[in-house]
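Read off the chains here:
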Amino acid sequence: MEFLIDLGEGLPEHFYTDRQRLEQIIKNLLSNALKFTEDGSVTLGIHRPGPEERVPGRLDRARTLKFAVTDTGVGIPRTNRNSFSRPSSRRRHHQPQVRRHRPGPDHLPGAGAAAGR
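Since this is a predicted model, take the numbers as computed values, not measurements.

## A few points about the environment of Pro12
Residue placement: Pro12 occurs in the loop between β1 (2–7) and α1 (19–35). We classify Pro12 as partly exposed; its relative accessible area is 35%. Considered as a pair, Pro12 and Arg63 are 51 residues apart in the sequence and their alpha carbons are 9.1 Å apart. Excluding its chain neighbours within four sequence positions, the residues that come into contact with Pro12 are Arg48 and Leu65.

## Brief notes about the environment of Phe67
Structurally, Phe67 can be placed in strand β3 (residues 66–71). Here the alpha-carbon distance between Phe67 and Ile46, two residues 21 residues apart in the chain, equals 4.7 Å. Not counting residues within four places of it along the chain, the set of residues in contact with Phe67 comprises Phe15, Leu22, Ile26, Gly45 and Ile46.

## Digging into the pattern of salt bridges
Evaluated as defined, the whole model comprises two salt bridges. Close ionic contact of Glu23 with Arg19 constitutes a salt bridge, the shortest N to O distance being 2.8 Å. Linking Glu23 with Arg19, this pair stays in helix α1, spanning four residues, or about one helical turn. Looking at Glu23, the relative accessible area reads 33%, which means it is partly exposed. On the accessibility criterion, Arg19 (62% relative accessible area) is exposed. We note a salt bridge from Glu53 to Lys66, for which the minimum N-O separation is 2.8 Å. Within this pair, whereas Glu53 is found in the loop between β2 (41–47) and β3, its partner Lys66 is found in strand β3, the two being separated by 13 residues in sequence. Residue class for Lys66 comes out partly exposed when judged on its relative accessible area of 30%.

Rules used in this analysis
Residues numbered from 1 in each chain as written. Predicted model: local features only at pLDDT ≥ 70, side-chain atom pairs only at ≥ 80, totals over all residues. Heavy atoms only, no water. Helix = DSSP H or I, 4+ residues; strand = E, 2+ residues; numbered from the N terminus. Buried < 20%, exposed > 50% of the residue type's maximum accessible area, 1.4 Å probe, protein only. Contact = heavy atoms within 4.5 Å. Salt bridge = Lys/Arg side-chain N within 4 Å of Asp/Glu carboxyl O.

Written as structure tokens, this is what we have:
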């Protein structure tokens, strides 16, 4: 299996974004692509959107970057592809529960976050 990075022309050296969110999205996409691709390749592409590609109205096309992960893996069967555009039945029926935790005298605020780093 081959991992490729495809950088388009005219990309800026630096750009401003929500780094944590972008990293999370790209890691998830790459993880899925690598998991389901035994042979062939996985490619991370970074380009400017082409003139024929739709860009949301609030974005400036000249300052927009497009990140894409493509692979030669097994893919999603045609019969399941429409499920991405419909809300899942699990989400419709699942009501999230919020649990409030009241710390006891031995609780140190933020200690878990610091220990996990």
